[in-house]
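Listed below are the residues making up each chain.
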Amino acid sequence: MKNNWIIVILLAMLISCGQEQTEEQVAEEELREVPEFNADSAYSFIQKQVDFGPRVPNTEEHQATKRWLVEKFETYGMTVTEQDFETKAYDGTNLKLTNIFAAYKPEASKRILLAAHWDTRHMADKDTDAIDQPIDGANDGGSGVGVILEIARVLATSGLEPEVGVDFILFDGEDYGEPEQTKPSDRNHSQIWWALGSQHWSKNPHEPGYSAYYGILLDMVGAKGARFYREGYSMQYARNTVQKVWRNAHRLGHGDFFPMRDSHEIIDDHVFVNQVANIPMIDIVEYSPDYGFGKYHHTHQDSMDLIDQRTLKAVGETVLYTIFHE
Ligand code: AHN
Ligand code: ZN
């Protein structure tokens with residue numbers, strides 16, 4: 001009998017000890033130092049991409065941008081893998097595409113995968129003018145890459161190191177889908193002509209068996225006044241990560257940018273990463289449950305005039321904080 005009581009007391013001590021540790025861990029987490037995300041630097045990375053011209057597959061501008069992106073990651077001491085491949089577009093054009101992969105802290109086994117697309121749309125099919133001309137894609141393409149490059153710069157230079165490793169993937173051919181005007185209501189859904197780079201990589205990862213703890217896709221993360229809702233597929237495949245990231249945004253005072261509200265599913269690069277590569281990936285994307293994409297979407301309004309450093313900062317700080325708290 002006496003022994004039973006001793007066991008109960010010992011158990012109680014163990015439990016309370018465990019709780020104390022948890023509290024300590026929480027306190028320690030809150031004290032974790034997170035390096036500064038420089039929105040001015042992220043902005044300049046977007047400006048640089050736009051200065052190359054539209055990053056349309058099979059153009060010289062696209063090639064030149066690719067060389068710069070690879071060099072940028074290499075400057076930050078990362079090993080870069082270029083995945084070249086060819087694929088047919090909706091109109092039969094043979095596209096020469098490249099997915100760009102870079103690894104930070106490759107020895108870490110727990111890894112976060114950050115993704116964006118680096119190509120831009122070959123037409124302004126939602127505009128009323130010059131619909132056959134390619135767009136600048138400052139936000140659609142440029143912003144996700146800009147935030148990613150700034151995170152890569154910070155990881156390489158701040159002197160602070162997260163516990164996790166971080167991988168970066170820049171997908172090509174995301175935006176080469178069919179024109180809005182020729183989208184027939186009875187169109188054949190068996191083939192999706194968008195997200196060609198992520199479709200290829202998800203089926204053929206650059207390293208067989210590649211995986212990550214979770215991924216975060218950044219798409220159109222730089223527009224003034226942007227709102228990031230909890231996108232449908234992200235909630236289906238990676239709900240915990242959505243909740244964690246949105247909670248972090250609110251902790252940092254960026255709650256206005258990250259409403260606690262769902263939007264329905266959209267086809268974006270993360271769909272294939274989730275369904276084919278089986279890596280849970282969320283999409284931080286400007287897509288409203290009320291009106292869908294912003295009015296600049298696939299128009300010539302998607303230029304540097306649209307980009308606001310406050311939006312870049314909200315997204316960049318939230319993602320960096322999340323990385324440093326894993
Ligand atoms: C749809 O148009 C449904 N998905 C394409 C997502 C996208 C286009 N993101 C950027 N541009
Ligand atoms: Zn687009």
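A few points on the structure. (Residues numbered from 1 in each chain as written. Chains lettered and ligands numbered in written order. Predicted model: local features only at pLDDT ≥ 70, side-chain atom pairs only at ≥ 80, totals over all residues. Heavy atoms only, no water.)

**What about the overall build of the protein?**
Part 1 of the reasoning: The number of helices and strands found in the protein is eight helices and eight strands.
Part 2 of the reasoning: Within the span of the protein, comprising 326 residues, buried residues form 55% of the whole.
Part 3 of the reasoning: Accessible surface, the protein: about 15,100 Å² in total, of which carbon and sulfur atoms supply 49%. (Helix = DSSP H or I, 4+ residues; strand = E, 2+ residues; numbered from the N terminus. Buried < 20%, exposed > 50% of the residue type's maximum accessible area, 1.4 Å probe, protein only. Areas by Shrake-Rupley, 256 points an atom, 1.4 Å probe, with all protein chains shown as cover.)

**Some details on the pairing of strand β2 (residues 94-104)**
Part 1 of the reasoning: With respect to burial, β2 is a largely interior element, nine of its 11 residues being buried.
Part 2 of the reasoning: Where strand β1 (residues 79-88) lies against β2, 10 bridges are found, and the strand directions are antiparallel. Within β2, the residue paired with E86 across the bridge is K96.
Part 3 of the reasoning: Linking β1 to β2, which pair antiparallel, is a turn of five residues; within it G92 sits at a positive phi near 90 degrees.
Part 4 of the reasoning: In terms of strand pairing, β2 meets strand β4 (residues 165-171) through five bridges, oriented antiparallel. Within the sheet, the bridge partner assigned to I100 lies in β4 and is L170. (Pairing = 2+ DSSP bridges.)

**Some remarks on the coordination of the zinc ion (ligand 2)**
Part 1 of the reasoning: Every protein donor of the zinc ion (ligand 2) is listed here as D140 (OD), D175 (OD), D175 (OD) and H298 (NE2), and their distances to the metal cover 1.9 to 2.3 Å.
Part 2 of the reasoning: One chain supplies every donor for the zinc ion (ligand 2), spaced along it as D-x34-D-x122-H. Note that D140 is positioned in helix α4 (residues 138-157) and H298 in the loop between β8 (281-285) and α8 (309-324), a separation of 158 residues in sequence. As far as the burial class goes, D140 and H298 line up, both buried. (Donors = N, O, S within 2.8 Å, 3.2 Å for Na, K, Ca; no water.)

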